[in-house]
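Summary of the model geometry
Below are the chains, spelled out letter by letter.
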Amino acid sequence: MHKEMVSNEKKQKRSVFYKLGIGLLILSLLLWLVPVITPFTPLSTKIKASIITGSIIIAEIMFWIGALLVGKEVAAKFKSVLNPKNWRKHEVEQKHEK
């Protein structure tokens, strides 16, 4: 019985870390929208440059921490789905599956 409790606790902790990792991956993706939107704001050029640089750095840090939490395979799949070079490949694969 004790082994079952330890096993359940490990699964719950792992699932919490996994969910946190997925959350960080998604937040890092959303943070990449900041550099796209920032140039259209009425801020000074120095502030815009700082915001864009900071958001890119933070997004990368969040991505890699999330990747460590979810695992190498999940992070690689997530990154390949986001790569525009692979978008056509996914469309073709989906058409062939139908």
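Residues numbered from 1 in each chain as written. Predicted model: local features only at pLDDT ≥ 70, side-chain atom pairs only at ≥ 80, totals over all residues. Heavy atoms only, no water.

What to know about the overall build of the chain
Looking only at helices and strands, the chain features 5 helices and 0 strands. Traced from its N-terminal end to its C-terminal end, the chain shows the element sequence α-α-α-α-α. Of the contacts made within the chain by residues no fewer than 6 positions apart, 60% connect residues no fewer than 24 positions apart. As presented, the chain carries roughly 8,300 Å² of accessible surface, and 68% of it is formed by carbon and sulfur atoms. (Helix = DSSP H or I, 4+ residues; strand = E, 2+ residues; numbered from the N terminus. Contact = heavy atoms within 4.5 Å. Areas by Shrake-Rupley, 256 points an atom, 1.4 Å probe, with all protein chains shown as cover.)

Quick word on the confidence of the model for the chain
The predicted model of the chain averages 78 in pLDDT, with 73% of residues at 70 or higher. The element-level mean pLDDT for the chain is lowest in helix H5 (residues 87-97), coming to 60, with helix H2 (residues 34-37) highest at 92. (pLDDT = per-residue confidence, 0-100.)

Describing the packing of aromatic side chains
Counting across every chain of the model gives 1 aromatic pair. Taking the centre distance of 5.2 Å and the plane angle of 85° together, the rings of phenylalanine 63 and tryptophan 64 count as edge-to-face. Relative accessible area serves as the criterion here: at 8%, phenylalanine 63 is assigned to the buried category. (Phe/Tyr/Trp six-rings, centres within 6.5 Å; stacked < 30°, edge-to-face > 60°. Buried < 20%, exposed > 50% of the residue type's maximum accessible area, 1.4 Å probe, protein only.)

Some points on the nonpolar core
Soluble, globular proteins show a tendency: their nonpolar side chains are buried together. Ranked by size, the top nonpolar core spans 5 residues in total: Leu25, Phe63, Ala67, Val70 and Ala75. Residue contributions to this core peak at 3 residues, all from helix H3 (residues 45-70). Beyond its immediate stretch of four places on either side in the chain, alanine 67 contacts Leu25, Lys72 and Ala75. (Core = buried A, V, L, I, M, F, W, Y, C linked by side-chain atoms within 4.5 Å.)

As for H3
Between its first and last C-alpha, H3 extends 37 Å over 26 residues, near the 38 Å set by a 1.5 Å rise per residue. Regarding H3, the residues found buried are Lys48, Ser55, Ala59, Met62, Phe63, Gly66, Ala67 and Val70. Glycine 71 occupies a position one or two residues after H3 and carries a positive phi of about 110°. (Expected span 1.5 Å × (residues − 1).)

So, the packing of H3 against helix H4 (residues 72-82)
It is the contact of H3 with H4, at a shortest axis distance of 6 Å, that shows an interaxial angle of 135°. In terms of their interaxial angle, H3 and H4 are classed as oblique. Together, Phe63, Trp64, Ala67 and Val70 of H3 and Lys72, Val74, Ala75, Phe78 and Lys79 of H4 make up the contact between the two elements. Residue composition of the contact of H3 with H4, by class: 7 nonpolar, no polar and 2 charged. (Axes fitted to C-alpha atoms, helices over the stretch in contact; angles between N-to-C directions. Parallel < 35°, antiparallel > 145°, perpendicular 65-115°, else oblique. Nonpolar A, V, L, I, M, F, W, Y, C, P; charged D, E, K, R; others polar.)

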